[in-house]
Amino acid sequence: MHNKISALLSEVEEFTSDSAQKVEEFRVKLLGKKGDLTLLFEEFKQVSGEAKRELGQKINELKSRALSRISELKQALESESAPAALTLDVSRPGTAGCIGTRHPIATVRSEILAIFRQLGFTVAEGPEIEDDWHVFGALNFPPEHPARDMQDTFFIEKKEDSENPILLRTHTSSIQVRVMEKSQPPIRIVCPGRVFRNEAISARAHCMFHQVEGLYVDQNVSFADLKQTLLYFAREMFGADVEIRLRPSFFPFTEPSAEMDVSCSICGGKGCNICKGTGWLEVGGCGLVDQNVLDSCKIDSQKYSGFAFGMGVERIAMLKYQARDLRLYFENDVRFLRQFTAVV
Ligand code: DAH
């Protein structure tokens with residue numbers, strides 16, 4: 001029996017195979033119903049006396065060695081057939097790191113804010129989900145004004161009898177109201193943000209876009225201050241030789257109101273297809289804050305006056321980059337976005 005045990009032990013130590021099936025066959029050969037070890041145990045039952053203890057120990061050692069050898073082999077074969085990702089091939093070419101770029105709208109937005117910061121304006125933000133009072137009421141929109149219509153505004157909650165429905169802001173002028181309600185002059189803020197309008201999406205219109213609103217309220221703020229501020233902005237943004245032009249207009253929240261144009265920096269004002277031959281490009285609206293707006297926000301309109309302006313970020317991006325389909329800015333097609341590498 002001693003010889004049989006040592007023969008089996010060396011068989012166990014020497015056995016190796018690269019096939020899981022062979023390992024299994026080996027296990028059956030040793031430990032199966034009619035396996036070598038099973039037979040050995042049968043034989044062992046006949047042994048008596050002194051030799052029994054020593055032999056029993058040896059057979060048990062053989063069995064546990066056989067079991068651990070078989071499981072070692074099985075494990076090695078399993079990890080070899082594991083997915084290739086677990087094995088490292090150092091000769092493979094590396095994956096090139098791809099550094100993203102800022103979205104053109106984010107770039108233009110920060111350029112606009114940086115210019116006004118130079119003039120002492122600070123940045124204020126407000127909620128996109130607003131109420132009627134902050135978007136229309138406090139800004140002197142009469143109750144029947146068409147902007148309040150479902151055609152133009154996305155309402156979130158409009159109960160029959162509600163005087164202050166909840167809606168998506170249609171302009172960032174609502175931030176003016178929130179700031180004026182909470183603070184007293186001097187106020188000098190620029191308010192960037194997303195705005196929403198119920199528009200059919202086309203190359204020229206979108207239901208969501210970005211605006212930057214400006215507001216300056218203090219003693220003796222005049223239209224001349226507004227003009228100079230806008231001229232400074234235009235020259236910083238579009239070039240030192242651009243001119244601005246203010247055309248009379250109407251907004252409920254400013255009096256007088258104007259539309260602001262900058263001279264076309266592409267043709268130098270001579271007329272091209274970007275400015276449709278006029279030499280001028282429209283960038284936003286502006287005016288002196290209507291007294292009713294100051295009163296609504298509990299600011300003494302006898303003591304203080306102010307100017308405000310609002311401009312479209314996409315509009316300025318279009319002029320700057322000459323990509324004139326508004327939809328391109330929102331589709332996030334990387335072939336479009338990759339072209340903008342400016343970091344601000
Ligand atoms: N809120 C206007 C709009 O969305 C833009 C605007 C015009 C803002 C004149 C102003 C302003 O502050 O004075 O079209």
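Above: the structure in question.
Predicted model, so just to flag it, every value in this text is computed and none were measured.

Chemist: Account for unusual backbone geometry, with residues named and values stated.
Modeler: Peptide bonds are mostly trans, and most non-glycine residues show a negative phi. The omega torsion across Pro185 and Pro186 is 0°, close enough to zero to call that bond cis. Here Pro186 is to be found in the loop between α7 (173-182) and β5 (187-196). Omega for the peptide link from Glu255 to Pro256 comes to -5°, which places this bond in the cis form. Inspection of the secondary structure assignment puts Pro256 in strand β8 (residues 254-263). Phi is positive for Asn140, which is not a glycine, with a value near 75°. Checked against the element boundaries, Asn140 lands in the loop between α6 (132-135) and β3 (155-157). The exposure class assigned to Asn140 is partly exposed, which follows from its relative accessible area of 25%. Of note in this structure, Lys276 is not a glycine but carries a positive phi near 50°. Mapped onto the secondary structure, Lys276 falls in the loop between β8 and β9 (280-289).

Chemist: Residues and numbers for the sheet that holds strand β2 (residues 129-131), please.
Modeler: Taken together, the three strands give an open sheet; going across it, the order is β2-β4-β3, and neighbouring strands pair in antiparallel fashion. The outermost strands of the open sheet, each flanked by one partner alone, are β2 and β3. Averaged over neighbouring strand pairs, the angle between their axes works out to 40° when direction is ignored. In this structure, β2 lies alongside strand β4 (residues 166-168), joined through three bridges in antiparallel fashion. Counted as the bridge partner of Ile129 is Leu168 from β4.

Chemist: Which residues make up the site of the ligand, and what are the values?
Modeler: Around the ligand there are 15 residues in total, and His171, Ser173, Arg197, Gln211 and Glu213 lie nearest to it. Residue Gln211 places a side-chain N or O atom 2.9 Å away from an oxygen atom belonging to the ligand. Backbone polar atom of Phe309 to an oxygen atom of the ligand: 3.3 Å apart, as the coordinates give it. Elements with a contribution of two residues or more to the shell around the ligand: α7, β6 (208-218), β9 and β10 (305-312). Residue composition of the shell around the ligand, grouped by class: five nonpolar, eight polar and two charged.

Chemist: Quick one: what's the story with the nonpolar core, residue by residue and with numbers?
Modeler: Ranked by internal contacts, the top residues of the largest apolar core, which has 46 residues, are Ile112, Phe233, Phe309 and Ile316. Elements represented by at least two residues in this core include exactly α5 (104-118), β6, α8 (223-238), β8, β9, β10, α10 (313-321) and α12 (334-337). Counting residues per element, this core draws most heavily on α8, which supplies seven residues. The contact partners of Phe233, leaving out residues within four places of it in the chain, are Ile112, Ile115, Phe116, Met260, Met311 and Ile316. Among the nonpolar cores identified, the runner-up in size contains 26 residues, and Ile175, Phe253, Ile299 and Tyr304 belong to it.

Chemist: Can you tell me about the state of the cysteines, naming the residues and giving the values?
Modeler: Under the defined criterion, the tally for this structure stands at zero disulfides. No disulfide involves Cys267; its nearest neighbouring cysteine sulfur is the one of Cys264, lying 3.6 Å away. Its sulfur unpaired, Cys297 is 12 Å from the next cysteine sulfur, which belongs to Cys191. On the basis of relative accessible area, Cys297 is assigned to the buried category, the value being 1%.

Chemist: Describe the pattern of salt bridges, listing the residues and the values that go with them.
Modeler: If you walk through the whole model with that rule in mind, you get 19 salt bridges. Residue Lys4 is joined to Glu43 by a salt bridge in which the shortest nitrogen-to-oxygen separation is 2.8 Å. Residue Lys4 is located in helix α1 (residues 2-14), and its partner Glu43 is located in helix α3 (residues 36-46); the two are separated by 39 residues in the primary sequence. Overall, the relative accessible area of 43% leaves Lys4 in the partly exposed class. Close ionic contact of Lys320 with Glu111 constitutes a salt bridge, the shortest N to O distance being 3.0 Å. In this pair, Lys320 is assigned in helix α10 and Glu111 in helix α5, connecting sequence segments 209 residues apart. On the basis of relative accessible area, Glu111 is assigned to the buried category, the value being 17%. The structure contains a network of salt bridges with shared partners spanning Glu13, Arg65, Arg69 and Glu72.

Chemist: Tell me about the pairing of β5, residues and numbers included.
Modeler: A large share of β5 lies buried, amounting to eight of its 10 residues. Bridge analysis of strand β1 (residues 122-123) against β5 gives two bridges, and the strand direction is parallel. By the bridge assignment, Val123 is partnered in β5 with Val190.

The rules behind each value
Residues numbered from 1 in each chain as written. Predicted model: local features only at pLDDT ≥ 70, side-chain atom pairs only at ≥ 80, totals over all residues. Heavy atoms only, no water. Helix = DSSP H or I, 4+ residues; strand = E, 2+ residues; numbered from the N terminus. Buried < 20%, exposed > 50% of the residue type's maximum accessible area, 1.4 Å probe, protein only. Pairing = 2+ DSSP bridges. Axes fitted to C-alpha atoms, helices over the stretch in contact; angles between N-to-C directions. Near = heavy atom within 4 Å. Polar contact = N/O pair within 3.5 Å; in protein donor to acceptor, adjacent residues only side chain to side chain. Nonpolar A, V, L, I, M, F, W, Y, C, P; charged D, E, K, R; others polar. Core = buried A, V, L, I, M, F, W, Y, C linked by side-chain atoms within 4.5 Å. Contact = heavy atoms within 4.5 Å. Disulfide = S-S within 2.5 Å. Salt bridge = Lys/Arg side-chain N within 4 Å of Asp/Glu carboxyl O.

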